[in-house]
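Letter by letter, the chains look like this.
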Amino acid sequence: GYDVVVATDGREALQRAEEMGDSLGLLVTDYDMPALRGDVLAATLRATRPTLPVVLMSGFTSEGWPADLVAAPHTVVVE
């Protein structure tokens, strides 16, 4: 039931998310993205949307993700 909005890098993802406002229902992000890492994107969006569901993905272990982000409610890590 989600509409997918694709961004080519982290900055574009942040811009699109801001344009979407409250209609943003879920963030799916990779850790290593050009222009803005996924953890920074997620933390920035969570600053104004604390209950935003976030799926964090990485080809590496979750050791690179900030512990407070990984442990936050509404967060899932896919390795």
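Rules used throughout
Residues numbered from 1 in each chain as written. Predicted model: local features only at pLDDT ≥ 70, side-chain atom pairs only at ≥ 80, totals over all residues. Heavy atoms only, no water. Helix = DSSP H or I, 4+ residues; strand = E, 2+ residues; numbered from the N terminus. Rg over C-alpha atoms; globule rule 2.2 N^0.38 Å. Buried < 20%, exposed > 50% of the residue type's maximum accessible area, 1.4 Å probe, protein only.

S.K.: Please clarify how the overall build of the protein should be interpreted in this entry.
M.R.: Secondary structure assignment for the protein yields three helices and three strands. Reading the secondary structure of the protein in the N-to-C direction produces α-β-α-β-α-β. For 79 residues, the compact-globule estimate of 2.2 N^0.38 gives 12 Å, and the protein sits close to it at 12 Å. Judged by the C-alpha coordinates and their principal axes, the protein covers about 30 × 25 × 25 Å. Taken across its 79 residues, the protein has 33% of its residues classed as buried.

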